[in-house]
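For reference, the chains in residue letters:
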Amino acid sequence: MSTRPVHYWLMKSEPDEAGIDHLARDGKLGWFGVRNYQARNFMRDQMQVGDVVLFYHSSCPEPGIAGIAEVSSSAYPDPTQFESESKYFDPKSSRENPRWMQVDVKFVKKTRLMGLPEMRAMPELADMQVLQRGNRLSITPVSRAEWEAISKKL
């Protein structure tokens, strides 16, 4: 049996809705509410149990990496797409043919906040997708070199 190398990801979340403190308290959470096809495809087609996640706080006064998590489930249908009262409801999605997927992530550790200015100042991260102009994806792949540069400073 061949073993696949670990992949690294950056996953953005709003700390008021699902921050690193929620993950630390609960141990794991479902990465629900992703409504971008490319981000969905990363979860559905590429993420695997054991992959490493940089947990990134976004849409807040100090965006940045706030912790480390690990993918703890394969992709499965995001239940919020079926809940008519949810802001993530999708009337075109059905249980027979779900459009939106999620994975579970489990808590590894909370880190100091590594903010955008610090990340931008690191030459090793010059090509990191989250730092590129116009990037709005909530999930992006991270190279091993980027992961190693970040993890040394957390």
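Residues numbered from 1 in each chain as written. Predicted model: local features only at pLDDT ≥ 70, side-chain atom pairs only at ≥ 80, totals over all residues. Heavy atoms only, no water.

Q: Got a sec to walk through helix 5 (residues 144-153)? Specific residues and values, please.
A: Spacing of three or four residues puts side chains on the same side of an α-helix, whose turn is 3.6 residues. When we look at burial in helix 5, the residues that qualify are E146, W147, A149 and I150. Here the buried residues of helix 5 occupy an arc of 165° about the axis, which is enough to place them on one side. Facing away from the buried side of helix 5, by more than 90 degrees, are the exposed residues R144, A145 and K152. On the buried face of helix 5, the contacting elements are strand 1 (8-13), strand 3 (52-57), strand 4 (64-71), strand 7 (104-115) and strand 8 (139-142). (Buried < 20%, exposed > 50% of the residue type's maximum accessible area, 1.4 Å probe, protein only. Helix = DSSP H or I, 4+ residues; strand = E, 2+ residues; numbered from the N terminus. Arc of directions from axis to C-beta. Contact = heavy atoms within 4.5 Å.)

Q: Which residues make up the UniProt feature "domain: EVE" (unreviewed entry) in the chain, and what values do they have?
A: If you check UniProt for "domain: EVE" (unreviewed entry), the listed places come out as residues 8-152 in our numbering. Helix makes up 24% of residues 8-152 and strand 30%, and the two end C-alpha atoms of the span are 15 Å apart. (UniProt positions renumbered as here; feature names shortened; annotations may be inferred.)

Q: Pulling in residues and values, what's your account of unusual backbone geometry?
A: The phi dihedral of S59 falls on the positive side, at around 50°, and the residue is not glycine. Structurally, the position occupied by S59 is in the loop between strand 3 and strand 4. Exposure remark for S59: the relative accessible area of 62% places this residue in the exposed category.

Q: Describe the packing of aromatic side chains, and please don't skip the residues or the numbers.
A: Taken as a whole and assessed by the stated rule, the structure comprises five aromatic pairs. Arranged with centres 5.3 Å apart and planes meeting at 15°, the rings of Y8 and W147 form a pair that is stacked. Taken together, the residues span a long stretch of sequence, with Y8 in strand 1 and W147 in helix 5 at a distance of 139 residues. The burial state of Y8 is the same as that of W147; both residues are buried. Geometrically, the ring pair formed by F32 and Y88 is edge-to-face, given 5.8 Å between the ring centres and 75° between the ring planes. Here Y88 lies in the loop between strand 5 (76-77) and strand 6 (101-102) and F32 lies in the loop between strand 2 (28-30) and helix 3 (37-46), a separation of 56 residues in the sequence. On the basis of relative accessibility, which here comes to 34%, the residue F32 falls in the partly exposed class. (Phe/Tyr/Trp six-rings, centres within 6.5 Å; stacked < 30°, edge-to-face > 60°.)

Q: Pulling in residues and values, what's your account of the pattern of salt bridges?
A: Considering all chains together, one arrives at 10 salt bridges under this definition. Here D78 ties to R35 by a salt bridge, and the two come within 3.1 Å at their closest N and O atoms. Note that D78 is positioned in the loop between strand 5 and strand 6 and R35 in the loop between strand 2 and helix 3, a separation of 43 residues in sequence. Residue D78 is classed as buried on the basis of its relative accessible area, which comes to 0%. Relative accessible area serves as the criterion here: at 28%, R35 is assigned to the partly exposed category. As a salt-bridge pair, R112 and E118 come within 2.6 Å of each other at their nearest N and O atoms. (Salt bridge = Lys/Arg side-chain N within 4 Å of Asp/Glu carboxyl O.)

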